[in-house]
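Listed here are the chains, written in short residue letters.
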Amino acid sequence: MDIYYFNITALRNKNIFNLKLHDVEEQRVDKIKRLRVTDDKLRSLGAGLLIKFIREKYGTEGALLTDKFGKPYFENSKVYFNISHSGNYVVAAVSNHSIGVDVQRIQRDKHRIAEKNFLPSECEYINELEDDAVIQQRFCEIWTIKEAYLKNIGIGLRKPLNSFEVSLKGDAPQIVGKKEYRFVQMKLDGRYIIAICASRKDAEFNLEEITL
């Protein structure tokens, strides 16, 4: 599997933003125009540029479609991909097998929603140390693993987050009872957590930054 990340900072320049709008598909442009928040527009354009990059690199020509749960895919293609964005970054994961990716910026107090959404064992892991920075990071570790898994299986947040358990014991994260999946997790720019949920058949991964 291949993992690509793109920093949207350059798109804050209006001239670059308007120029790059011509590089993405019409349906992406329409979506961007409907968005009201500037950063949402930038991240959506960044996602469109990553999709364009994937099309060119992997030679996919089929239409970009979404399934009934909103998961994007290329029509008549064996290339699987998934995209996530948070803060200044858009991240894409590409594979020959179904894949899910999530990126989250580590933020203060966001971890407080854990008690309502996570299992007791997960909350115990998050709050094990009385260190705010550790607590915030561990929350993002659990959250991104859960999101990446749900995006892989294609149902998003329709499945309750407390209906399955994340284990961080051992060398790599795992969903309890789901040994067919492989999880890769990493920190980006010191402030972001990325998690990828892939097939066990994906034995290796490559990480690459995409720039304008």
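Residues numbered from 1 in each chain as written. Predicted model: local features only at pLDDT ≥ 70, side-chain atom pairs only at ≥ 80, totals over all residues. Heavy atoms only, no water.

**Description of the packing of helix 1 (residues 14–21) against helix 3 (residues 38–58)**
Item 1. One can describe the packing of helix 1 onto helix 3 by two numbers: an axis separation of 11 Å at closest approach and a directional angle of 45°. As the angle between them shows, helix 1 and helix 3 are arranged oblique. Viewed along their axes, helix 1 and helix 3 form a crossing whose handedness is left-handed. For the pair helix 1 and helix 3, contact is made by Phe17, Lys20 and Leu21 and by Lys41, Leu42, Leu45 and Leu49, respectively.
Item 2. Considering only residue class, the contact of helix 1 with helix 3 consists of five nonpolar, no polar and two charged. (Axes fitted to C-alpha atoms, helices over the stretch in contact; angles between N-to-C directions. Helix = DSSP H or I, 4+ residues; strand = E, 2+ residues; numbered from the N terminus. Parallel < 35°, antiparallel > 145°, perpendicular 65-115°, else oblique. Left-handed = near helix turned anticlockwise from the far one by under 90°. Contact = heavy atoms within 4.5 Å. Nonpolar A, V, L, I, M, F, W, Y, C, P; charged D, E, K, R; others polar.)

**Re helix 1**
In an α-helix, one turn spans 3.6 residues; hence positions three or four apart end up facing the same way.
Item 1. Listed in full, the buried residues belonging to helix 1 are Phe17, Lys20 and Leu21. Down the axis of helix 1, the buried side of the element spans an arc of 110°, and every buried residue falls inside it. Set apart from the buried face of helix 1 by more than 90 degrees, the exposed residues are Asn15 and Leu19.
Item 2. The inward-facing, buried residues of helix 1 abut helix 2 (26–34) and helix 3.
Item 3. Near the N-terminus of helix 1, the side chain that reaches the backbone nitrogen of Asn15, with its oxygen 2.9 Å away, is that of Asn13. (Buried < 20%, exposed > 50% of the residue type's maximum accessible area, 1.4 Å probe, protein only. Arc of directions from axis to C-beta. Polar contact = N/O pair within 3.5 Å; in protein donor to acceptor, adjacent residues only side chain to side chain.)

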